[in-house]
Amino acid sequence: MGTGRGGMRCIKILLCIFNTTFWLAGLAVIAFGLWLRFGGVMADIASDKRSPEYFFMGLYVLVGAGALMTTVGFFGCCGAARESQCLLGAFFACLLVIFAAEITAGVFAFIGKKVAIQEAQKIYEDIYDDYMKNPGGKVNRTIYHLHMALQCCGKDGIEQQTGLPCPENIHLPKSCLVEIQKVIDANLHLVGIVGIAIAGITIFGMIFSMVLCCAIRNTRDMI
């Protein structure tokens, strides 16, 4: 009996440590997703009416899972403290949802990379065509802002002689289509790694919650 209670206390401590770590990881995931959406180069690619929705969709899943991660620790801590099988069951169910969401985001990032790249490149090509038809005004600022963010110039990297607004500090012209591919490739690779890593962490939480739930049931059966 004493050994059983001691083992259950140990699992409760491990579960509380896991929940604290999970909560912090959830905040980090939210910050990472929001930074990619609003603070990274991809935010510059999004124009007034056009945005790389395929890429942003993966970020929305990631941020949603992060928000759920920051709240799900409540069920785990309360369930462990109160030795409630119901709360631990709810904790397990939430972890299962997070696991599915993060796996989805990870697989989405690796499989959907080509579509996301094509979508973002199409946005730049539309802005480029608008500028070539009517250079000046808002489109002039938009394309210059993109060139500054990506440190590139034009579709082929050789348009600096045509009067296209390009960063002054570029010595060797680079194609913006190539730079967009590099940026999305790197960002989606990070999204995939983060999603799969968080999914791996949730497995430990599900194991701890089920072991504790079984230990609580066994203890009550003995009483």
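Please refer to the structure placed before this passage.
Cut-offs applied
- Residues numbered from 1 in each chain as written.
- Predicted model: local features only at pLDDT ≥ 70, side-chain atom pairs only at ≥ 80, totals over all residues.
- Heavy atoms only, no water.
- Salt bridge = Lys/Arg side-chain N within 4 Å of Asp/Glu carboxyl O.
- Helix = DSSP H or I, 4+ residues; strand = E, 2+ residues; numbered from the N terminus.
- Disulfide = S-S within 2.5 Å.
- Buried < 20%, exposed > 50% of the residue type's maximum accessible area, 1.4 Å probe, protein only.
- Expected span 1.5 Å × (residues − 1).
- Core = buried A, V, L, I, M, F, W, Y, C linked by side-chain atoms within 4.5 Å.
- Phe/Tyr/Trp six-rings, centres within 6.5 Å; stacked < 30°, edge-to-face > 60°.

Moving on, we come to the pattern of salt bridges. Taken as a whole, this structure holds two salt bridges when the rule is applied. Where Asp126 meets Lys122, a salt bridge forms, and the shortest distance between an N and an O atom there is 2.8 Å. Of the two residues, Asp126 and Lys122 are both situated in helix 5 (residues 113-133); the distance of four residues between them amounts to about one turn of the helix. Residue Lys182 pairs with Glu179 through a salt bridge whose shortest N-O separation is 3.6 Å.

Applying the stated criterion to the full structure yields one disulfide. Two residues share a disulfide in this structure: Cys152 and Cys176, whose sulfurs sit 2.0 Å from each other. The S-S bond linking Cys152 to Cys176 shows a torsion near 95 degrees; that makes this disulfide right-handed. With Cys152 in the loop between helix 6 (138-150) and helix 7 (176-222) and Cys176 in helix 7, this pair connects stretches of sequence that are 24 residues apart. Considered together, Cys152 and Cys176 belong to a single accessibility category, that of buried residues.

This part is about helix 4 (residues 85-111). Taking 1.5 Å of rise per residue, the 27 residues of helix 4 would be expected to cover 39 Å, and the 38 Å separating its terminal C-alpha atoms lies within 8% of that figure. What helix 4 keeps buried is the set Leu88, Phe91, Cys94, Leu95, Ile98, Ala101, Glu102, Ala105, Gly106, Phe108 and Ala109.

Among the nonpolar cores identified, the biggest contains 50 residues, and Met42, Phe55, Tyr124 and Ile184 are the most heavily contacted of them. Contributions of two or more residues to this core are made by helix 1 (2-39), helix 2 (41-45), helix 3 (53-82), helix 4, helix 5, helix 6 and helix 7. The element best represented in this core is helix 7, accounting for twelve residues.

Turning our eyes to something else, we now look at unusual backbone geometry. One non-glycine residue with positive phi stands out, namely Gln151, at about 55 degrees. Mapped onto the elements of the fold, Gln151 is located in the loop between helix 6 and helix 7. Owing to a relative accessible area of 25%, Gln151 belongs among the partly exposed residues under this scheme.

Glancing now at the packing of aromatic side chains. Under the criterion given, the structure shown has one aromatic pair. Ring plane angle 35 degrees and centroid distance 6.2 Å describe the contact between Tyr124 and Tyr128, whose orientation is recorded as tilted. Note that Tyr124 and Tyr128 are positioned in helix 5 at a spacing of four residues, about one turn of the helix.

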